Amino acid sequence: MQFFGGSEISPSPPVPTASGNNGHMMYVFNRNGVCLLYREWNRPLRTLNAQQDHKLMFGLLFSLKSLTAKMDPTIAEKGNLGVPQLPGQGCSFHSFRTNTYKLSFMESPSGIKIILVTHPRTGDLRDSLKYIYNLYVEYVVKNPLYTPGSPIRCQLFNTTLDQYVRGIA
């Protein structure tokens, strides 16, 4: 079953947008800001401990979502900056790029946030993030041994995710 349009998860995922292993790291957060999964592939410099890193990333996402909702030119009533937006509500962002990395972001209707940090020249990863979310649903959510809100420890999901990210980024 696929949750973002289309049909079943196919054996052929979206076409890679760049060649080589340019994926740096990936985070999966639940709606409460709990980091369910953190994976590294190519992160040569570690400056923070894991807990600080996760808090910093979730805070960045929260701030960017609030800012984009506040700056939305199509809505007259902006609300307060910092008030959480429901998934799909208001203006949203998909990615931003610096001179050293590109951060791509997707939030599911259930509040699951997937962040993929890649090489700055990586193309649009929205379809890839949707595919990763569908892998999460198939291998984690549908797993009867998984408790929602707990860290993801599904080896099949991790293996499939590693193979896919190494191919796209």
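In this text the structure is predicted, and so the values were computed from the model without any measurement. (Residues numbered from 1 in each chain as written. Predicted model: local features only at pLDDT ≥ 70, side-chain atom pairs only at ≥ 80, totals over all residues. Heavy atoms only, no water.)

Caption draft 1: Structural detail: the overall build of the protein chain. Counting its secondary structure elements, the protein chain contains 3 helices and 5 strands. Ordering the α and β elements of the protein chain from the N terminus gives β-β-α-β-β-β-α-α. Put simply, the protein chain has 169 residues, and 38% of those count as buried. A sequence separation of at least 24 residues applies to 54% of the contacts in the protein chain between residues at least 6 apart. When the accessible area of the protein chain is evaluated, it comes to approximately 9600 Å², of which 56% is carbon and sulfur surface. (Helix = DSSP H or I, 4+ residues; strand = E, 2+ residues; numbered from the N terminus. Buried < 20%, exposed > 50% of the residue type's maximum accessible area, 1.4 Å probe, protein only. Contact = heavy atoms within 4.5 Å. Areas by Shrake-Rupley, 256 points an atom, 1.4 Å probe, with all protein chains shown as cover.)

Caption draft 2: Here's a closer look at the environment of Glu107. For Glu107, the position within the fold is in strand E4 (residues 102-107). Taking the C-alpha atoms as reference points, Glu107 and Ser92, 15 residues apart in sequence, are found 9.6 Å from one another. At 2.5 Å, the side chain of Glu107 and the side chain of Lys65 are in polar contact. At 3.1 Å, the side chain of Glu107 forms a polar contact with the side chain of Lys113. (Polar contact = N/O pair within 3.5 Å; in protein donor to acceptor, adjacent residues only side chain to side chain.)

Caption draft 3: Local environment of the side chain of Ser108. Inspection of the secondary structure puts Ser108 in the loop between E4 and strand E5 (113-118). Under the relative-accessibility criterion, Ser108 is labelled buried at 0%.

Caption draft 4: Highlighting the packing of aromatic side chains. The tally for this structure, following the rule as stated, stands at 6 aromatic pairs. Seen from their ring centres, Tyr27 and Tyr38 are 4.9 Å apart, and the 50° between their planes marks the pair as tilted. In this pair, Tyr27 is assigned in strand E1 (residues 23-29) and Tyr38 in strand E2 (residues 35-40), connecting sequence segments 11 residues apart. Ring pairs connect the aromatic residues Tyr27, Phe29, Tyr38 and Phe58, which therefore count as one cluster. (Phe/Tyr/Trp six-rings, centres within 6.5 Å; stacked < 30°, edge-to-face > 60°.)

Caption draft 5: Spatial organisation of the sheet that holds E4. Strand order in the open sheet made by the 5 strands is E2-E1-E5-E4-E3, with antiparallel pairing throughout. Edge positions in the sheet fall to E2 and strand E3 (95-97), since each of these pairs with one other strand and no more. Adjacent strand axes in the sheet meet at a mean angle of 10°, parallel and antiparallel pairs treated alike. By the bridge criterion, 5 bridges tie E1 to E2 in an arrangement that is antiparallel. Paired with Tyr27 across the two strands is Tyr38, which belongs to E2. Here helix H1 (residues 50-71) sits on the sheet and contacts E1, E2, E3, E4 and E5; the angle it forms with E1, its principal contact strand, is near 75°. (Pairing = 2+ DSSP bridges. Axes fitted to C-alpha atoms, helices over the stretch in contact; angles between N-to-C directions.)

Caption draft 6: Fine view of helix H3 (residues 155-168). Counted at 1.5 Å a residue, the expected span for H3 with its 14 residues is 20 Å, and the 20 Å between its end C-alpha atoms agrees. Taken together, the buried positions of H3 are occupied by Phe157, Asn158, Thr160, Leu161, Asp162, Tyr164, Val165 and Ile168. Along its buried surface, H3 packs onto E1, E2, E5 and helix H2 (126-141). (Expected span 1.5 Å × (residues − 1).)

Caption draft 7: Layout of the pattern of salt bridges. Counted according to the given criterion, the structure contains 5 salt bridges. With its nearest N and O atoms 3.1 Å apart, the salt bridge here joins Arg126 to Asp124. Taking relative accessible area as the criterion, Asp124 reaches 46% and is therefore assigned partly exposed. Lys142 serves as the salt-bridge partner of Glu138, at 3.0 Å between the closest nitrogen and oxygen. Owing to a relative accessible area of 44%, Lys142 belongs among the partly exposed residues under this scheme. (Salt bridge = Lys/Arg side-chain N within 4 Å of Asp/Glu carboxyl O.)

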